[in-house]
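# Examination of the molecular architecture
Residues per chain, in single letters:
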Amino acid sequence: MADPSSYRPKPGQIPDSPGVYKFRDEHRRVIYVGKAKNLRQRLANYFQDLAALHPRTRTMVTTAASVEWTVVSTEVEALQLEYSWIKEFDPRFNVKYRDDKSYPYLAVTLNEEFPRVQVMRGAKKKGVRYFGPYGHAWAIRETVDLMLRVFPVRTCSAGVFKNAARTGRPCLLGYIGKCSAPCVGRVTPEEHRELADDFCDFMAGRTGTYIRRLEKDMLAAAEEMEYERAARLRDDVEALKRAMEKSAVVLADATDADLIAVAEDELEAAVQIFHVRGGRVRGQRGWVTDKVENVDTSGLVEHALQQLYGEETGDSVPKEVLVPALPEDPDSISQWLAHRRGSQVSLRIPQRGDKKDLMATVQRNAQQALGLHKTKRASDLTTRSRALEEIAEALGLDTAPLRIECFDISHLQGDDVVASMVVFEDGLARKSEYRRFQIKGFEGQDDVRSMHEVIGRRFKRYLQEKERTGEWEETPAPTGPVPASQTAPAGSDTVALTGAARGTDTALLPVVAPGDGISPDQGTAPTGQTVPGPGTGPVPESASDPDTEPREDDGRPKRFAYPPQLVVVDGGQPQVAAAKRALDELGIDDIAVCGLAKRLEEVWLPEDDDPVVLPRSSEGLYLLQRVRDEAHRFAITYQRAKRAKRIRSSPLDAVAGLGETRKQALIKHFGSVKKLRQATIDEICEVPGIGRRTAESVAVALASAAPATPAVNTATGEIIEEDDGGSTT
């Protein structure tokens with residue numbers, strides 16, 4: 001535990017202007033980000049007597065080992081920089097709201113020639129107009145089904161649309177009048193886009209215009225004795241009214257507003273948001289968070305606003321935001337919201353009338369969400385705690401293994417040998433920590449040797465991280481250049497007080513082991529970003545080998561910085577012995593090892609001739625099985641992807657400068673790689689876009705590449721020819 005006085009800035013060093021500050025731990029990881037109108041006054045609060053600090057604040061300052069700050073010109077800039085850093089560094093002591101589920105939106109793809117209405121989840125795309133979020137996807141589909149009578153907009157996928165255009169026959173919706181069938185030319189692109197615009201206007205709340213127009217047309221048709229048309233218009237009006245009834249009127253003045261309510265206790269907080277558009281509730285969402293920092297209701301509201309509108313622009317930010325308590329600096333928040341919307345935004349507490357009544361409803365939803373979350377979590381925590389205690393007791397561990405790492409080997413008859421590492425923390429999967437390995441030390445099938453290599457590589461990286469951060473006292477820390485995180489960017493006033501200022505140089509580049517060949521789980525590691533302030537340059541990710549490039553010490557959690565309390569291997573006594581031997585060779589003796597054999601679900605320990613047998617009803621055994629099965633799933637997924645990539649490889653891949661478009665042009669021109677291999681250089685030059693030098697390179701590559709062993713259809717005995725760039729299927 002660090003003493004805050006050891007890294008307290010000297011008097012007069014901290015400016016009294018607005019800015020953003022970061023606390024880092026002894027490993028240079030950012031653990032807390034905050035902003036202040038006056039940096040000197042705010043930071044002074046952290047360095048008072050520990051007994052006077054809130055317990056969470058006391059834990060943070062004793063975990064930290066340095067503090068640094070960046071001066072900005074306005075409080076709005078400080079708010080923007082704080083949000084960017086929290087998103088980039090993911091500090092453990094900052095409140096971070098997490099969606100309790102992925103909410104569906106009703107989306108209209110206005111960026112396409114023929115806009116499509118569909119249900120969409122996940123990140124928002126440019127050129128798509130969104131309505132919602134909704135609690136359930138079926139609610140969106142019911143609403144769309146009613147509205148397609150009046151606004152027959154396309155709802156089919158791109159494949160169905162192209163197939164209908166090719167055959168000249170629309171889908172079923174085109175025959176029953178719920179699609180205008182632009183695929184077969186029943187309407188022009190302009191007419192279909194007008195339908196899509198009308199659909200969006202109706203969903204945005206401008207409903208009265210369309211209903212009055214339909215009623216007028218209905219009366220006119222009845223006067224002209226066109227009773228069938230009048231009946232259809234009557235049914236259209238009823239369909240629109242039923243669609244409107246699904247979102248009840250809550251505010252009579254057609255208000256566009258978001259209402260945010262917070263329910264909290266000492267440990268957790270729940271946030272509920274109602275999206276009101278045109279006076280009707282168009283969507284609802286909720287978040288739950290642990291209160292890892294000392295924060296009151298106004299602070300929770302500020303964090304919620306950052307989470308909700310940090311990446312929104314335009315109409316996604318409403319004209320009015322109603323909250324239960326104003327943030328500490330409401331003017332800066334209002335300016336920030338206005339900047340994101342492009343016009344004025346009102347941030348206030350409702351005092352009377354319908355808005356206050358609706359806020360009470362949102363508050364009740366937040367209370368119920370918090371109660372439900374605590375009930376579920378209490379049950380889950382009890383089960384997970386019992387499982388970890390059972391594992392500790394069965395394996396003779398001093399404490400429960402809060403971090404478990406499991407390794408598995410996967411291959412297909414000795415080819416494409418890979419390994420996986422999955423991480424469970426407090427009994428839950430931590431997917432951002434998953435890692436994948438390629439076995440490079442040898443070729444062939446040897447699970448025991450593969451396990452020894454993978455364990456050695458993983459913990460060699462762990463020891464390198466310890467050496468880099470100076471945790472080994474017997475290893476003298478080499479001197480090195482000061483990283484970018486300790487230098488002020490142009491145009492900003494930045495001060496960093498780190499271990500180097502106290503006489504120890506922690507500004508070192510990481511020690512790397514070239515050729516380790518470790519690939520992170522694609523899609524789970526955070527992407528590199530660039531935001532203003534110190535140490536915020538782009539970070540290379542999985543596009544390059546992390547073991548062959550030095551990385552700046554930027555405060556992000558490193559790949560192998562945290563040791564587990566328990567290593568689990570998928571296998572029996574031989575695999576366990578190999579893992580233990582790898583740890584012994586590295587001098588690591590404080591990490592427990594066990595193996596879980598599939599056949600009888602026996603737990604094997606190093607140097608024990610007999611396995612540990614846990615009861616079938618044991619929560620500990622169930623947790624070990626989940627960890628082992630997850631490692632197996634992750635390994636076999638990677639192995640299959642690697643094998644599929646190898647099977648799809650082509651001799652043309654070796655031609656430098658030959659992209660995918662020209663590869664496809666060559667295959668299309670000649671029909672297959674086999675025929676391309678037989679072609680002359682002059683014949684290759686006839687393909688559009690292929691010059692003589694490229695043609696010569698293609699001929700050389702195909703001549704030097706031995707023809708692949710032909711694939712055989714086991715059902716018919718036929719030899720399958722190469723026909724798609726050299727792949728065999």
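Residues numbered from 1 in each chain as written. Predicted model: local features only at pLDDT ≥ 70, side-chain atom pairs only at ≥ 80, totals over all residues. Heavy atoms only, no water.

## Overview of helix H14 (residues 573-585)
Just so we agree on the cut-off: Helix and strand assignments come from DSSP, with helices taken as H or I runs of at least 4 residues and strands as E runs of at least 2, each series counted from the N terminus. Any helix carries an expected span of 1.5 Å times its number of residues minus one. Classification of residues uses two cut-offs on accessible area relative to the type maximum, computed with a 1.4 Å probe and protein chains only: under 20% is buried, over 50% is exposed, and between them is partly exposed. This arc corresponds to the set of directions leading from the helix axis out to the C-beta atoms. Any two residues having at least one pair of non-hydrogen atoms within 4.5 Å are treated as being in contact.
Relative to the 18 Å expected for 13 residues at 1.5 Å per residue, H14 spans 18 Å between its end C-alpha atoms, a close match to the ideal helical length. Gln-575, Val-576, Ala-578, Ala-579, Ala-582 and Leu-583 are the residues of H14 that are buried. Relative to the axis of H14, the buried residues are bounded by an arc of 160 degrees and lie together on one face. On its buried side, H14 packs onto helix H13 (447-468), strand S19 (566-570), strand S20 (592-597) and strand S21 (602-604). Looking at the residues trailing H14, positive phi occurs at Gly-587, about 75 degrees.

## A look at the pattern of salt bridges
Put simply, the test is: What counts as a salt bridge is simple: a side-chain nitrogen of Lys or Arg found within 4 Å of a carboxyl oxygen of Asp or Glu.
On inspection of all chains with the given rule, the structure shows 26 salt bridges. Close ionic contact of Glu-328 with Arg-42 constitutes a salt bridge, the shortest N to O distance being 3.2 Å. Taken as a pair, Glu-328 in the loop between strand S11 (320-322) and helix H11 (330-341) and Arg-42 in helix H1 (residues 39-46) lie far apart in primary sequence, 286 residues in all. Among the residues examined, Arg-42 registers a relative accessible area of 23% and is labelled partly exposed. The partner of Asp-629 in a salt bridge is Arg-628, with the nearest N and O atoms 2.8 Å apart. Residue classification places Asp-629 among the partly exposed residues on the basis of a relative accessible area of 42%. Linked by salt bridges that have partners in common, Arg-403, Glu-405, Glu-425, Arg-430, Glu-433 and Arg-458 make up one network.

## Here we look at a nonpolar patch on the surface
The test is simple: Patch membership requires more than 30% relative accessible area and the absence of a salt bridge. Residues of like charge join within 9 Å; the nonpolar side chains Val, Leu, Ile, Met, Phe, Trp and Tyr join within 5 Å. We get accessible surface area from the Shrake-Rupley algorithm with a probe of 1.4 Å; when it comes to residues, only the shown protein chains can shield them.
Taken together, Leu-172, Tyr-175 and Ile-176 make up a surface patch of nonpolar side chains, about 360 Å² in accessible area. Judged by relative accessible area, Leu-172 falls into the exposed class, the value being 62%.

## Observations regarding the packing of aromatic side chains
Put simply, the rule is: We call Phe, Tyr and Trp rings a pair once their centres come within 6.5 Å, taking the six-membered ring for Trp, and we label the pair stacked below 30 degrees between planes, edge-to-face above 60, and tilted otherwise. Our definition puts a charge over a ring when NZ of Lys or CZ of Arg is within 6 Å of the ring centre and also within 35 degrees of the ring normal.
Counted by the stated rule, this structure contains 14 aromatic pairs. Summarising the aromatic geometry, the rings of Phe-459 and Tyr-462 are spaced 6.4 Å apart at their centres and angled 90 degrees between planes, so their arrangement reads as edge-to-face. Taken together, the residues Phe-459 and Tyr-462, both in helix H13 and three residues apart, mark about one turn of the helix. By way of ring pairs, the aromatic residues Tyr-7, Tyr-21, Phe-23, Tyr-32, Tyr-46 and Phe-47 are connected into one cluster. Its end group placed over the ring of Trp-85, Lys-22 keeps NZ or CZ at 4.2 Å from the ring centre.

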